[in-house]
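Remarks on the overall topology
Take a look at the letters that make up each chain.
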Amino acid sequence: FCLQVAEIEAGVRPPVMKVGELSTRRDITDIRDSAPVIVQLADLGVPGEAYNMASQKTVRMSDLLDIILSLSTRKDIKIEKDPSRLRAYDEKVLLGDNTKIRNLTGWVPKPHLESTVADILNFWRGEVSIRYHLRPKPRRHYRRETMNNGA
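Now for a description of the structure that goes with this document. (Residues numbered from 1 in each chain as written. Predicted model: local features only at pLDDT ≥ 70, side-chain atom pairs only at ≥ 80, totals over all residues. Heavy atoms only, no water.)

**Here's the deal with a nonpolar patch on the surface**
Taken together, the side chains of Val-12, Tyr-132 and Leu-134 make up a nonpolar region of the molecular surface, amounting to roughly 220 Å² of accessible area. As for its placement among the helices and strands, Tyr-132 is situated in the segment after helix 5 (113-131). (Patch = residues over 30% accessible without salt bridge, like charges linked within 9 Å, V, L, I, M, F, W, Y side chains within 5 Å. Areas by Shrake-Rupley, 256 points an atom, 1.4 Å probe, with all protein chains shown as cover. Salt bridge = Lys/Arg side-chain N within 4 Å of Asp/Glu carboxyl O. Helix = DSSP H or I, 4+ residues; strand = E, 2+ residues; numbered from the N terminus.)

**Thoughts on the sheet that holds strand 5 (residues 93-94)**
An order of 3-2-5 is seen for the three strands of this open sheet, with the pairing classed as mixed. If you trace the sheet from one side to the other, it starts and ends with strand 3 (58-60) and strand 5, each paired once. Pairing geometry for strand 2 (residues 25-27) and strand 3, over three bridges, is antiparallel. By the bridge assignment for strand 3, Arg-26 is matched with Val-59. (Pairing = 2+ DSSP bridges.)

**So, the pairing of strand 1 (residues 16-19)**
On strand 1, burial follows the alternation: Met-17 and Val-19 on one face are buried, whereas Val-16 and Lys-18 on the facing-out side are not. Sheet topology places strand 1 next to strand 4 (residues 78-81); four bridges connect them, and they run parallel. The partner of Val-16 across the bridge, within strand 4, is Lys-78. (Buried < 20%, exposed > 50% of the residue type's maximum accessible area, 1.4 Å probe, protein only.)

Below, the structure written as structure tokens:
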């Protein structure tokens with residue numbers, strides 16, 4: 001979603017987002033929150049054991065899209081279902097159980113979806129700028145007049 005919005009904002013894609021099924025719910029974590037726990041697992045984890053890195057909360061994809069659109073500089077973006085993005089079978093809800101990793105490490109997820117989404121959108125804005133060799137819009141520079149105090 002964020003790549004499409006960044007391309008729309010840059011003017012390299014028409015203001016129409018192609019989406020799949022938006023009613024599905026997903027458990028989302030931010031790697032910046034979970035990375036330290038993954039490092040802890042190197043010391044505390046049992047080799048061969050599986051550990052779920054999960055927030056134990058789900059986000060509906062339509063809600064995620066709403067957050068992204070609210071952060072966009074373009075307010076004219078239309079949403080269009082794209083049959084090629086629909087899956088023959090798509091889990092309605094994917095929710096992880098982090099009990100084992102939480103008990104082992106004491107980790108409590110601190111999800112902040114809005115800031116995660118904002119950071120991902122900003123990343124893609126930068127990538128789009130590089131990919132399409134776009135220059136940042138020039139900023140107006142105001143000339144400051146200095147006072148000559150006899151110096």
